[in-house]
Amino acid sequence: MIKIVKIKDQFIYPIFKNGKSSIEMFANSNNCQWLINSQCNRADCVTVFIRQPKDRFISGVHSFIEFERRKNKNLDYETMLYAIQHHRVTNEHFEPQFFWIKKLGKYYNGDLYLQDVEKLLDLIPNRNRPGIPDITTGQKNKIQKIKFNDLIFDNILFDKYLGEKIKIAELIKEIENAVSSS
């Protein structure tokens, strides 16, 4: 299910590790309007908050593993990192932001306004963090070593399109063309 929410006269597409929990909590506390799937086309423009790709990946992998550890206390950290690097496991916490945009593109064909996630602080006051242990330096160093080729999509998105307003179909096409020619 794809959802966007209207907050202070703009529609927002929440993405994991880009303020999604904060956006949802604010929206629910303030009775904001949600549009679901094909209803998303009612919006003229959708704001998507984008995070620096490597930072988001590290945070997302950490969150994913810690959430999985809640289910299985014996989960081996190194095995999970290996599985992530070799695409044997994926999760919305670290899947590329571009893939989230492609999912939105199945239901929405208007303009996207791509903003740095730091601008989210101007829109809503709250910041919610998941109830998981903070990442250690050792964990961060291990996650940084993962070669995750799909970050190329987000690197292009972040480096070239941040601050831009663009039709979603055009954005998807341009990024896919850039990746296929690299």
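Structure shown above.
This section reports on the structure supplied with the text. The structure presented is a predicted model; accordingly, all values stated were derived computationally and were not measured.

### Thoughts on the sheet that holds strand β5 (residues 111–116)
Strands sit in the order β3-β1-β2-β4-β5-β6 across an open sheet of six strands; the sheet is mixed. What marks the edges here is a single partner per strand, and that holds for β3 (33–36) and β6 (165–167). Averaged over all pairs of adjacent strands, the angle between strand axes in this sheet comes to 35 degrees, irrespective of strand direction. The pairing of strand β4 (residues 45–50) with β5 spans six bridges and is classified as parallel. Directly across from V48, in β5, lies its bridge partner L114. Along the sheet, helix α4 (residues 97–104) makes contact with β1 (3–7), β4 and β5, crossing β4 at roughly 165 degrees.

### Describing unusual backbone geometry
The phi angle of most residues is negative, glycine excepted, and most peptide bonds adopt the trans form. Backbone geometry places K8, a non-glycine residue, at a positive phi of 50 degrees. For K8, a relative accessible area of 55% puts it in the exposed group. Residue K17 is not a glycine yet carries a positive backbone phi of 70 degrees. On the secondary structure map, K17 appears in the loop between β2 (10–12) and α1 (20–29).

### Focus on the packing of aromatic side chains
Counting across every chain of the model gives nine aromatic pairs. Pairing F57 with F94 gives two aromatic rings, centres 5.9 Å apart and planes at 85 degrees, and the pair type is edge-to-face. You can see F57 sitting in helix α2 (residues 53–71) and its partner F94 sitting in the loop between α3 (77–85) and α4, a full 37 residues away along the chain. For F57, a relative accessible area of 1% corresponds to the buried category. Ring geometry for F64 against F94: centres 5.7 Å apart, planes inclined by 65 degrees, an arrangement best described as edge-to-face. Separated by 30 residues along the polypeptide, F64 in helix α2 and F94 in the loop between α3 and α4 bring together distant segments of the chain. Here the aromatic cluster, defined as three or more aromatic residues joined through ring pairs, consists of F57, F64, F94 and F148. In this arrangement the basic side chain of K103 is found over the ring face of W100, its NZ or CZ atom lying 5.4 Å from the centre.

### Some remarks on the side chain of E95
Residue placement: E95 occurs in the loop between α3 and α4. When its relative accessible area of 11% is taken as the criterion, E95 is described as buried. At a separation of 2.7 Å, a polar atom in the side chain of E95 contacts the side chain of K103. In this structure E95 touches R56, T90, W100 and K103, once residues within four positions along its chain are discounted.

### Some points on the nonpolar core
Judged by nonpolar contacts, the single largest core of 30 residues is most densely connected at V46, I101, L104, L112 and L114. Of all the secondary structure elements, the ones that give two or more residues to this core are β4, α4, β5, α7 (151–161) and α8 (168–180). Apart from the residues lying within four places of it in its own chain, the contact partners of L114 are V48, I50, I101, L157, Y161, L162, G163, E164, I166 and L171. Counting 17 residues, the second largest nonpolar core, distinct from the first, contains F57, V61, L75 and L81.

Conventions adopted
Residues numbered from 1 in each chain as written. Predicted model: local features only at pLDDT ≥ 70, side-chain atom pairs only at ≥ 80, totals over all residues. Heavy atoms only, no water. Pairing = 2+ DSSP bridges. Helix = DSSP H or I, 4+ residues; strand = E, 2+ residues; numbered from the N terminus. Axes fitted to C-alpha atoms, helices over the stretch in contact; angles between N-to-C directions. Contact = heavy atoms within 4.5 Å. Buried < 20%, exposed > 50% of the residue type's maximum accessible area, 1.4 Å probe, protein only. Phe/Tyr/Trp six-rings, centres within 6.5 Å; stacked < 30°, edge-to-face > 60°. Lys NZ or Arg CZ within 6 Å of the ring centre and 35° of its normal. Polar contact = N/O pair within 3.5 Å; in protein donor to acceptor, adjacent residues only side chain to side chain. Core = buried A, V, L, I, M, F, W, Y, C linked by side-chain atoms within 4.5 Å.

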